[in-house]
Amino acid sequence: MSLIEKTAAELVALQNAGQASALEIADAFLAASAVREPKLKSFMLPPDPDAVRTHAKAIDAKRAAKAPLGKLAGVPVAVKDVLCTKGVRTTCSSKILEHFVPPYDAHTVERLHAEDAIVFGKTNMDEFAMGSSTENSAYQVTRNPWDTDRIPGGSSGGSAACVAGCQAPVSLGTDTGGSIRQPAALCGIVGMKPTYGRVSRYGLIAFASSLDQVGPFTHDVTDCALMMEAIAGHDGRDSTSVNEPVPAYTKTVNDPVKGLRIGVPKEFFGQGLDPEIEASVRAALDEYKKLGATLVDVSLPHSPYALAAYYIVAPAEASSNLARFDGMHYGHRTAKKGDLIATYSKSRGEGFGPEVQRRIILGTYVLSSGYKDAYYVKALKVRRLVKKDFDEAFASCDVVMGPTTPTAAFKAGEKSDDPLALYLSDVYTVSCNLAGIPGLSMPCGFTKTGLPIGLQLLGAPFAEEKLLRIARMYEAATDWHTKRPKV
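A brief report on the enclosed structure follows.

Criteria and thresholds
- Residues numbered from 1 in each chain as written.
- Predicted model: local features only at pLDDT ≥ 70, side-chain atom pairs only at ≥ 80, totals over all residues.
- Heavy atoms only, no water.
- Core = buried A, V, L, I, M, F, W, Y, C linked by side-chain atoms within 4.5 Å.
- Buried < 20%, exposed > 50% of the residue type's maximum accessible area, 1.4 Å probe, protein only.
- Contact = heavy atoms within 4.5 Å.
- Helix = DSSP H or I, 4+ residues; strand = E, 2+ residues; numbered from the N terminus.
- Pairing = 2+ DSSP bridges.
- Salt bridge = Lys/Arg side-chain N within 4 Å of Asp/Glu carboxyl O.

## Regarding the nonpolar core
- Grouped together as the largest cluster of nonpolar side chains are 107 residues, with contacts concentrated most on F128, Y288, L440 and L457.
- Dropping the residues within four chain positions of it, L440 is found in contact with R181, V190, G191, M192, C224, L455, Q456, L457, L467, L468 and A471.
- Membership of the second largest hydrophobic core comes to 29 residues, among which are F29, A56, A78 and C162.

Set out below in structure tokens:
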């Protein structure tokens, strides 16, 4: 296995053993990205070779001097272009922020630097994280490494595609309604959405503030544990950051959960689920039974309403958060002359793409006088019921499992003219965000045409440690996580 196909933990081990240097690793990924990026279009801003090599040499020098090194020393980490990077453009794949250069790093980016990781480019995404396919970027469409005619999922499609396509060993994405777990499933890798408040949102350009969370994409569960150790923790600059101790995830990830009870919700196996997806998920559940787990039937009765509630709450928050981008305070300003209102409307019309405009209009509508109680307040009540369903389910099980997505990756352009069909891609993932609980997607098979299938694990609040251990049990018994596409 070449350097670019290895995990982050393996790359750290190679450096510790003197079998590879940070510079050699950086050069390997730079070379791979130069060849693969034209096919995959994973990056909004590709890695800067000079900056990457300079950083790698500095890490090698620290190692030679026997100075203390971080957990991710010499590991390239791609970062979704919604996280601020000091002195480096951060666009959210939108025209309205085309020239925005942040004066500070996001908290998670600071954590990467503190652990001696090498920030390796900014990844392409659906504009302002609004989408399920990474076709809504204002600049390019990212492709799935397993079939470049197909989408990688979204909105963190660039972060998923660059890991699956071995352009970086790990990456950071964000998950508002499934935007880490869904692309992880479609690209055949591991993706984790932490509990709301577990990872700081400082420096994350907001889509929906009560739903957004930063999380990792990795090849396997061990790397996911490693990344969570690096980025989780309290941050006083984020009022929603929870001051909970961060467990040593990597120390316990290989400990199986004794007496494991797996909740299987009937609502996740109904109409619209592709038979091949269901067969692979059922096979994964059978594998857990062989490992000693007990399957428990649970019900999430309000999950059928979660998607509708999400597409009221999220656009409402987006409408508020994106109001600042008006051509005066932030972002693109139109060159056309006009009064204040005309400048606002023209700047926003030129800067925002169709999907962002659609969600802003929807959010403004549901918050408007006469409609707020009928839509927004009612959606918040549904959100509370969704959370209650999970609380009751976790009283009888350790984890809830089911498919991550209803189908495998579809062809680019296939659903572009049908926004509602695209929204249904998130039917199994949005309830996790509404409830604020942690979720993880991991590979559990392939379709007959060779497309990855994802298994979703949902846990109780701040149960990331248990979730990672449960995921690792299945991974240790199978080899889906070792598969790499031929790009």
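## Digging into the pairing of strand β6 (residues 213–218)
- Buried residues dominate β6, accounting for 6 of its 6 residues.
- In terms of strand pairing, strand β4 (residues 170–175) meets β6 through 5 bridges, oriented antiparallel. Counterpart to T174 in the pairing with β6 is V214.
- In the sheet, strand β5 (residues 190–193) pairs with β6 via 2 bridges, with the strands oriented antiparallel. Along β6, the bridge assignment pairs V190 with T218.

## Observations regarding the pattern of salt bridges
- This structure, assessed with the given rule, holds 18 salt bridges.
- Among the salt bridges present, the one from D116 reaches K62, with a minimum N-O distance of 3.1 Å. On the criterion of sequence distance, the pair formed by D116 in the loop between α4 (107–114) and β3 (118–123) and K62 in helix α3 (residues 49–64) is long-range, its members being 54 residues apart.
- A relative accessible area of 8% means that D116 is categorised as buried.
- Given the relative accessible area of 30%, K62 is considered partly exposed.

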